[in-house]
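The chain contents come next:
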Amino acid sequence: MGYVGAGVEGAAHAYNVVLAEDDPDIRMLLSSALESWGYDVLAVGTGTEGLAAVRELRPDIALLDINMPGLTGPQIIHEMRRDRSTHDIPVMLITAETAGQTAAAGLADGADDYVRKPFHMGELRERVVGLTKRSRHLRELDVLREAVALPDAVRDVDGVRAVGHNRPIPGALAGGDFMAVTAGPAGTVVAFVGDVEGHGLEAAALAAFSRAVLATNAAFSDQPGLLLSLANWTLAQRIAVEDYLPMVTATCVIIDPASRVVRWASAGHPAPLFFSDREVPAGNIGLPLGMEEQSFYPNNERTLAPNEHILLYTDGLMRAAMGRRDFTESMLPWLVIAGEDKPLESVLDSIVESFGESLGRETDDDLGLLLLSVP
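Predicted, not measured: the structure shown is a model, and the values here were computed from it. (Residues numbered from 1 in each chain as written. Predicted model: local features only at pLDDT ≥ 70, side-chain atom pairs only at ≥ 80, totals over all residues. Heavy atoms only, no water.)

A look at the overall build of the protein
Then comes step 1: In terms of helices and strands, the protein carries eleven helices and 14 strands.
Then comes step 2: Looking at the protein alone, contacts between residues at least 24 apart form 67% of all its contacts between residues at least 6 apart. (Helix = DSSP H or I, 4+ residues; strand = E, 2+ residues; numbered from the N terminus. Contact = heavy atoms within 4.5 Å.)

Describing the packing of aromatic side chains
Then comes step 1: Under the criterion given, the structure shown has two aromatic pairs.
Then comes step 2: Cation over ring: Arg 238 sits above Phe 209, and NZ or CZ is 4.3 Å from the ring centre.
Then comes step 3: One cation-aromatic arrangement involves Arg 302 over Phe 274; the distance from NZ or CZ to the ring centre is 4.2 Å. (Phe/Tyr/Trp six-rings, centres within 6.5 Å; stacked < 30°, edge-to-face > 60°. Lys NZ or Arg CZ within 6 Å of the ring centre and 35° of its normal.)

Observations regarding helix H3 (residues 73-82)
The periodicity of an α-helix, 3.6 residues per turn, causes residues three or four places apart in sequence to face the same way.
Then comes step 1: Among all positions in H3, only Gly 73, Pro 74, Ile 76, Ile 77, Met 80 and Arg 81 are buried. Projected onto a plane normal to the axis of H3, the buried residues spread over an arc of 155° and lie on a single side. (Buried < 20%, exposed > 50% of the residue type's maximum accessible area, 1.4 Å probe, protein only. Arc of directions from axis to C-beta.)

Topic: a nonpolar patch on the surface
Then comes step 1: Nonpolar side chains collect at one region of the surface, where Phe 220, Leu 226 and Leu 230 lie side by side and expose about 290 Å² of accessible area between them.
Then comes step 2: Its location among the elements puts Phe 220 in the loop between helix H7 (200-217) and helix H8 (224-242).
Then comes step 3: Look at Phe 220 and you get exposed, because its relative accessible area is 60%. (Patch = residues over 30% accessible without salt bridge, like charges linked within 9 Å, V, L, I, M, F, W, Y side chains within 5 Å. Areas by Shrake-Rupley, 256 points an atom, 1.4 Å probe, with all protein chains shown as cover. Salt bridge = Lys/Arg side-chain N within 4 Å of Asp/Glu carboxyl O.)

Things to note about the packing of helix H2 (residues 47-57) against H3
Then comes step 1: Interaxial distance between H2 and H3 falls to 10 Å at its minimum, and their mutual angle equals 25°. Between H2 and H3, the interaxial angle falls into the category roughly parallel. Judged by the sense of rotation from one axis to the other, the crossing of H2 with H3 is right-handed. Here Gly 47, Leu 51, Val 54 and Arg 55 of H2 come into contact with H3, specifically with Ile 76, Glu 79 and Met 80.
Then comes step 2: When its residues are assigned to classes, the contact of H2 with H3 shows four nonpolar, one polar and two charged. (Axes fitted to C-alpha atoms, helices over the stretch in contact; angles between N-to-C directions. Parallel < 35°, antiparallel > 145°, perpendicular 65-115°, else oblique. Left-handed = near helix turned anticlockwise from the far one by under 90°. Nonpolar A, V, L, I, M, F, W, Y, C, P; charged D, E, K, R; others polar.)

Some details on unusual backbone geometry
Then comes step 1: A cis amide bond, omega -5°, links Lys 117 with the succeeding residue Pro 118.
Then comes step 2: Note on placement: Pro 118 falls in the loop between strand S5 (113-116) and helix H5 (121-147).
Then comes step 3: One non-glycine residue, Ala 186, lies in positive phi territory at about 55°.
Then comes step 4: With respect to the secondary-structure elements, Ala 186 resides in the loop between strand S7 (177-183) and strand S8 (189-196).

Topic: the sheet that holds strand S11 (residues 273-274)
Then comes step 1: With antiparallel pairing, the four strands of this open sheet are ordered in space as S6-S14-S13-S11. The sheet terminates laterally at strand S6 (161-167) and S11, the two strands that pair on one side only.
Then comes step 2: Sheet topology places strand S13 (residues 309-313) next to strand S14 (residues 367-373); five bridges connect them, and they run antiparallel. Note on S14: the bridge partner recorded for Tyr 313 is Leu 369. (Pairing = 2+ DSSP bridges.)

Some remarks on the sheet that holds strand S10 (residues 261-267)
Then comes step 1: In spatial order, the strands read S7-S8-S9-S10-S12; together these five strands make up an open sheet with antiparallel pairing. On the outer flanks of this sheet lie S7 and strand S12 (300-303), each paired with one strand and no other. With strand direction ignored, the average angle separating the axes of adjacent strands in the sheet is 15°.
Then comes step 2: Relative to S8, S7 runs antiparallel, the two being bridged by seven bridges. Within the sheet, the bridge partner assigned to Asp 177 lies in S8 and is Asp 195.
Then comes step 3: Most of the contacts of H7 go to S7, to which it runs at about 20°, and overall it touches S7, S8 and strand S9 (248-256).

Some remarks on the packing of H7 against H8
Then comes step 1: Running from N to C, H7 and H8 point in directions that differ by 140°, and their axes come no closer than 9 Å. Overall, the two elements H7 and H8 adopt an arrangement that is oblique. The handedness of the crossing between H7 and H8 is right-handed. For the pair formed by H7 and H8, the contact residues are Leu 206, Phe 209, Ser 210, Val 213, Leu 214 and Asn 217 on the first element and Leu 227, Leu 228, Leu 230, Ala 231, Thr 234, Leu 235 and Arg 238 on the second.
Then comes step 2: Here the contact of H7 with H8 is built from residues that sort into nine nonpolar, three polar and one charged.

If you want it as structure tokens, here you go:
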């Protein structure tokens, strides 16, 4: 199977098709037609090979002959619908029957459509295109649902209170900002906020991937710089495979609620803001994630005051506040006042209300905010 081009109707990548047909002439005819329409095709001659190909490739669509050696088309569908990883892949059955009884049974078993031999190529193309476009759209929606699943990612953990706000640019379902709070080793709590360059589906997909990488590694170390280094290596490997990825920045904070010690490290991302400070904390900031295979991210450390708030944010907040003199001069005193004797949710609401409206009106950027506190 090889890459054939831009794909159907200008898609960024070719659609993938598994074709299982035991007649070699029909298999060659269909393969040639699909490839001429801009598809990547993996063609096999038995039902057993067809099921294996579907499980390995997880294509955008499967074209299955009803009667084949090994497994029939309906039997493959039955196995696909039992498997979570292949459950939603559209299937088109190929049949030589004119009565349609077997095809109707296949539809009842979970096929999405069927086509009779001999084929009318124009009709076949329209039906295949319709199914594959629906398949890709469903996958895009899954990416968006994952990217915007903030309630599951931000929560109170082991003595640390956390509230978050992740709003994409106006009109978008999801953006490139990501965040999470999760348990770390030895009673610590790991929190991070990141930003993927750009907007839309590609940024949302990479944001979801980056968040998953950082959250998965959180249990391995209480050093935020090491967690960023691990994420950096993973993203560098992905860039090597895909040739290019949008820039990813992140700040990681690890809190020990018992000692109130906070460590943080940054990969090309703004430093956290501590509400008792009058200036942004000094500290080294490393390269954005994935730019070099091996990158070092220095740890910074401080002890929290009682009930002190920590704000992690994306550069959308900086853009919204730029009209109010220098960011640090305007933002930090305002945060100190906003955070005095108020619940964490009220403080976050104040920040969103004060800066969110101007961001949506004046700048084209997402807004990601994560507010933390140790009671």
